[in-house]
There are 2 protein chains.
Amino acid sequence: MTTNANASLWGQFEIVLDGPSEGNPFRDVTLAARFEHGATSLVVPGFYDGDGVYRIRFMPTLEGDWHYAITSNAPSLDGVSGTVSVGPAKPGDRGPVRVSDQFHFRYADGSRFINIGTTAYAWNHQSGAMEEETLASLASAPFTKIRMCVFPKHYRYNENEPEFYPFPVVTKGSSAWPGQGDASDWEFDFDRFEPEFFRHLEQRIADLGRIGVEADLILFHPYDRWGFSRMSAEQDDSYLRYLIARLAALPNIWWSMANEYDLMPSKNPADWDRFLAVVAEADPYDHLRGVHNCFAFYDHTHDLVTHCSIQRPNPFESVLWRERYGKPISVDECCYEGDIGEPWGNISGQEMVHRFWAGTVAGGYVTHGETFHNPGDAIWWAKGGTLRGESVERIAFLRKIMEQGPERGLDPHPTLTRRIMLAGGMDAVNMDVFRKASEEAEEPRVLTGFHMAGQPHEYYLYYFGQNQPGEVFADVPAGEHYDATLIDTWEMTETPLASGVARGQALKFAAKPYQALLLKRAG
Amino acid sequence: MTTNANASLWGQFEIVLDGPSEGNPFRDVTLAARFEHGATSLVVPGFYDGDGVYRIRFMPTLEGDWHYAITSNAPSLDGVSGTVSVGPAKPGDRGPVRVSDQFHFRYADGSRFINIGTTAYAWNHQSGAMEEETLASLASAPFTKIRMCVFPKHYRYNENEPEFYPFPVVTKGSSAWPGQGDASDWEFDFDRFEPEFFRHLEQRIADLGRIGVEADLILFHPYDRWGFSRMSAEQDDSYLRYLIARLAALPNIWWSMANEYDLMPSKNPADWDRFLAVVAEADPYDHLRGVHNCFAFYDHTHDLVTHCSIQRPNPFESVLWRERYGKPISVDECCYEGDIGEPWGNISGQEMVHRFWAGTVAGGYVTHGETFHNPGDAIWWAKGGTLRGESVERIAFLRKIMEQGPERGLDPHPTLTRRIMLAGGMDAVNMDVFRKASEEAEEPRVLTGFHMAGQPHEYYLYYFGQNQPGEVFADVPAGEHYDATLIDTWEMTETPLASGVARGQALKFAAKPYQALLLKRAG
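Residues numbered from 1 in each chain as written. Chains lettered and ligands numbered in written order. Predicted model: local features only at pLDDT ≥ 70, side-chain atom pairs only at ≥ 80, totals over all residues. Heavy atoms only, no water.

**Examining the side chain of Arg204(A)**
Part 1 of the argument: Inspection of the secondary structure puts Arg204(A) in helix α3 (residues 195-210).
Part 2 of the argument: Each residue touching Arg204(A), except ones within four places of it in the same chain, is listed here: Trp123(A), Asn124(A), Gly128(A), Glu131(A), Glu132(A) and Leu135(A). (Helix = DSSP H or I, 4+ residues; strand = E, 2+ residues; numbered from the N terminus. Contact = heavy atoms within 4.5 Å.)

Here is the structure:
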């Protein structure tokens, strides 16, 4: 059988086939298509969608004609082939996000992706109305990525039972609230999947795609009362392959192996290496891959880790992590704006905004979350819904600043940062010693000082944080001139300070915490 | 010759002798007295005070009769002996501060010393009126220690020439402002001393003693236009011995080998070891000894280092430094409250107060400084004078809390801190993993969370910092009851929350940054 069809670049092309439904098709039937376009060849896995229906989903990565040929151990599926003519991308279709310039991101079409994340771990496990509310909130928020779990979550503030399960229920628990971490009264068939669950998940990720939000999809996590964190290695891998076969053709997916991999006693270090390998092998599109920690960092130098997904409270350390790992830094947890009792869930809006700026001028990207008590405890970080905090509009302001900044992104400039640290009378000898001492310090430390990122000879963005200087000395290259703008990161104001500023020129302004200074090349 | 005299415990007893004035008595005449009291024997160095006058200053460390015998290479001084009858300490005389309970301090008489420092590096090199202003400011401030330099300081904001020099001027510089670090047009006789300089210094330290302030006396520092940082090793040692002979009998002295030892290119690591040895050998009273860093820590495990004098912006790391060095932590520089352009000199008053609390609940002690521009730039950190900031009264409030706290001081409780971090639904298995992960983290890190110090079963002081929980769960030992007080560290209020609080009880209050919670044993 040969089919001919049309598709668009970075769009989705789906082949639907009828096949066997007896036995356990999820486990028993193999299905894949090889798509070829000149020298490019992608093996795209197919999957069983129940009721005798099989699907192969393809996201074209090049315009032009792709030929495909399907192989399967089911004779009725094997040998199908065809051609897809791929036209230009539809407006808004930019393909998956890739690493760019070592520490930054771009869509596959080359356009810039500014990673400004938020977190709503189980938003996709709520009622339809609540999920729509979350999507509406996101549509008017600055976030370009959301951390969310495939599996439902069991935790304080996440006590409701999900609508769908990823696996068929063999025996439902005797209560809606099984003992934490004790699924003994529940039984799922981990060797089959529940297509309805995955259709819902796909729908929600597609919904995110339409509003320009990447799904940082968490594949495993420890907060579990159903047993999904304690499947066998074979079942884990089978789940990953099924998920990837269904979802990988969606452009706006990042694979996050875990939330807090180091809190999962049921997995060992080799499991995480294997998950990375399974995901990388099964996914024809090479979506971004990360492993998020609670305490101990995953070894982000691992070949299959594309970016550092980090939990730490001080995003300014991004400047060190960039050096250590040589990859983009996504500080995917640095505490949440809120007022709940848990220590990670109650920083002020001001502190959240501060951490965004601190991470940004350290050359990293920061992720938001919100944890305010409210009637019914519909907490954004847990279930999505409505954003209540003070940080969101300030994060939007920062996003605007970043969008207006260098196309390449912001890279930290430690040398200049140090140089401005040393303003004020230190003689040349001592400056050398300063440098030597800082290089040889017994522990690599972020130096106290003004933190700055930008692009040399073009754009320098200083952020003063809790510092409140009333003056600074422009530390720009000799012979160049810059326009200086004072930014109040909380009040969201940009005040022109001076035009054509030259090296060493003093800039004076009202001392106040949480200000930034932008020096933009004027000549 | 035999003399008999009376003195008091921790007071000063001075023997004045006439001796040779020809040649260079500073260098040529040796002089010391052995003071004996039962099994206790102290060798007390004497010194030449100019005009043929020699002095030996003794601070009795025990009540009762001390016999002394003087030895000298000058026949007119040698062989003098006598007895001093030492009575009880006069009110307020508590002797030198010693290390107590490994991480804390007490006066020699056993009474508690709470280390709350400030910084005015060159206050003692100003005019008499300015120095009196500084003393008046200190008398009404909460500070119990001040960092100050023996030598004058050359730096922005410290450009005035001092009234006295420690060494006789052979050739005064051709201008009042010699090139930085270039003393070529100045010549001092480093083999003689200027008694007037030291009399003034002694007077100022005694003045501090009368208002209960310890002098953390900086022996060397890099900010020099006179050449005092570049003497020969022999001259350095001779200076140290002369200084100690003159000053050591003052009870309220700490010997700080350096301000920013690692910024002195004229010294090498062995010099600092030698300075410690010279000071320890020459000082009969074993005053506290520290070496303050800019970037790289001195090796505070050194036998002769009594406490860790640290420059770092985050005093909460005291909890780590205590573990690493096993000695009291004095965070002697963590940036200053102010608005000057230098990055270390412009944190807000709120941030200064925050750093005090953060260091305190980490089991450390924190030092203040102030750097506000003002007419004439009489900046406290540089010259002393008048305190202008918002932090001082809040530091006084903290001191009051500390005074009302456990007599032993505050020790951090990482186990409890971690336990309260884990509130909110984590099951027992995951708690174990949490603990294991935090112990095995690739880099030892201060964990995100609520920081707490106190004494077990007695007193627990939580500090929330930028966190703003609206509830916490009392993590007190089972079966015990505590009175809970909410503290607003900025507004300086103490609000009773609940009495007889038991383990696990929820405490709810208005969410706001910079609050603390005190749980005091009630039964």
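That shown, we press on.
**Regarding the packing of helix α7 (residues 349-361) of chain A against helix α9 (residues 391-403) of chain A**
Residues and elements named next belong to chain A.
Part 1 of the argument: Packing of α7 against α9 brings their axes to within 9 Å, and their N-to-C directions diverge by 20°. As judged from the angle between their axes, α7 and α9 are roughly parallel. In this structure, the crossing between α7 and α9 has a hand that is right-handed. Counting all contacts with α7, which are made through Gly349, Met352, Val353, Phe356, Trp357 and Thr360, the residues of α9 involved are Ser391, Arg394, Ile395, Phe397, Leu398, Ile401 and Met402. (Axes fitted to C-alpha atoms, helices over the stretch in contact; angles between N-to-C directions. Parallel < 35°, antiparallel > 145°, perpendicular 65-115°, else oblique. Left-handed = near helix turned anticlockwise from the far one by under 90°.)

**Focus on the sheet that holds strand β10 (residues 117-119) of chain B**
Residues and elements named next belong to chain B.
Part 1 of the argument: Spatially, the five strands line up as an open sheet ordered β10-β11-β14-β15-β16, and their pairing is parallel. Each of the sheet's edge strands pairs with one partner strand only, and the pair in question is β10 and β16 (289-290).
Part 2 of the argument: Two strands pair when backbone bridges link them, and β10 and strand β11 (residues 145-149) are joined in this way by three bridges, in the parallel orientation. From the neighbouring strand, Gly117 faces β11, where its bridge partner is Lys145.
Part 3 of the argument: In the packing of helix α5 (residues 269-282) onto the sheet, contacts are made with β14 (214-220), β15 (253-258) and β16, and the angle to β15 comes to roughly 160°. (Pairing = 2+ DSSP bridges.)

**What to know about the pattern of salt bridges**
Residue and element names in this part refer to chain A.
Part 1 of the argument: Inspection of every chain in the model, using the stated rule, returns 76 salt bridges over all chains.
Part 2 of the argument: With a shortest N-O distance of 2.6 Å, Arg57 and Glu14 are connected by a salt bridge. Separated by 43 residues along the polypeptide, Arg57 in strand β5 (residues 53-58) and Glu14 in strand β2 (residues 13-18) bring together distant segments of the chain.
Part 3 of the argument: For Arg57, a relative accessible area of 11% translates into the label buried.
Part 4 of the argument: Using a relative accessible area of 32% as the deciding quantity, one classes Glu14 as partly exposed.
Part 5 of the argument: Residue Asp332 is joined to Arg147 by a salt bridge in which the shortest nitrogen-to-oxygen separation is 3.8 Å. Note that Asp332 is positioned in strand β18 (residues 329-333) and Arg147 in strand β11 (residues 145-149), a separation of 185 residues in sequence. This pair shows no difference in class: Asp332 is buried, exactly as Arg147 is.
Part 6 of the argument: Linked by salt bridges that have partners in common, Glu14, Asp49, Arg55, Arg57, Glu196, Arg199, Glu202 and Arg246 make up one network. (Salt bridge = Lys/Arg side-chain N within 4 Å of Asp/Glu carboxyl O. Buried < 20%, exposed > 50% of the residue type's maximum accessible area, 1.4 Å probe, protein only.)

**Observations concerning unusual backbone geometry**
Part 1 of the argument: In this model, Asp286(A) sits at a positive phi of 60°, which is unusual for a non-glycine residue.
Part 2 of the argument: Within the secondary structure layout, Asp286(A) lies in the loop between α5 (269-282) and β16 (289-290).
Part 3 of the argument: Residue Asp286(A) is classed as partly exposed on the basis of its relative accessible area of 42%.
Part 4 of the argument: The backbone of Glu260(B) sits at a positive phi, close to 55°, despite the residue not being glycine.
Part 5 of the argument: Locating Glu260(B) in the fold gives a position in the loop between β15 and α5.
Part 6 of the argument: Among the residues examined, Glu260(B) registers a relative accessible area of 5% and is labelled buried.

**Brief notes about the packing of aromatic side chains**
Part 1 of the argument: Applying the stated rule across the entire model yields 100 aromatic pairs over all chains.
Part 2 of the argument: Aromatic side chains Phe198(A) and Tyr242(A) sit 5.1 Å apart centroid to centroid with 80° between the ring planes, which places their arrangement in the edge-to-face category. Taken together, the residues span a long stretch of sequence, with Phe198(A) in helix α3 and Tyr242(A) in helix α4 (residues 233-247) at a distance of 44 residues.
Part 3 of the argument: In this structure Tyr242(A) comes out as buried when scored by relative accessible area, which is 6%.
Part 4 of the argument: Taken together, a centroid distance of 6.2 Å and an interplanar angle of 20° make the contact between Phe464(B) and Phe509(B) stacked. Of this pair, Phe464(B) sits in the loop between β24 (459-463) and β25 (471-473) while Phe509(B) sits in the loop between β28 (506-508) and β29 (515-521), and the two are 45 residues apart along the sequence. The residues Phe464(B) and Phe509(B) share a single accessibility class, namely buried.
Part 5 of the argument: Sitting over the ring of Tyr223(A), Lys153(A) keeps its end group 4.8 Å from the ring centre.
Part 6 of the argument: One cation-aromatic arrangement involves Arg322(A) over Phe103(A); the distance from NZ or CZ to the ring centre is 3.8 Å. (Phe/Tyr/Trp six-rings, centres within 6.5 Å; stacked < 30°, edge-to-face > 60°. Lys NZ or Arg CZ within 6 Å of the ring centre and 35° of its normal.)

**Thoughts on helix α2 (residues 128-139) of chain A**
All names here are of chain A.
Part 1 of the argument: Taking 1.5 Å of rise per residue, the twelve residues of α2 would be expected to cover 16 Å, and the 16 Å separating its terminal C-alpha atoms lies within 8% of that figure.
Part 2 of the argument: Buried residues of α2: Met130, Glu131, Thr134, Leu135, Ser137 and Leu138, and no others. For α2, the angular spread of buried residues about the axis comes to 160°, placing them on one side. Set apart from the buried face of α2 by more than 90 degrees, the exposed residues are Ala129 and Ala139.
Part 3 of the argument: Of the surrounding elements, those touching the buried residues of α2 are β10 (117-119), β11, α3 and α8 (380-383). (Expected span 1.5 Å × (residues − 1). Arc of directions from axis to C-beta.)

**Overview of the packing of α4(A) against α5(A)**
All names here are of chain A.
Part 1 of the argument: For the pair α4 and α5, interaxial distance at closest approach is 10 Å and the crossing angle is 30°. Here α4 lies roughly parallel to α5, going by the angle between them. Read as a crossing pair, α4 and α5 show a hand that is right-handed. Residues Ala233, Asp236, Asp237, Leu240, Arg241 and Ile244 of α4 lie in contact with α5, whose contacting residues are Arg274, Phe275, Val278, Val279, Glu281 and Ala282.
Part 2 of the argument: Grouping the constituent residues of the contact of α4 with α5 by class yields seven nonpolar, no polar and five charged. (Nonpolar A, V, L, I, M, F, W, Y, C, P; charged D, E, K, R; others polar.)

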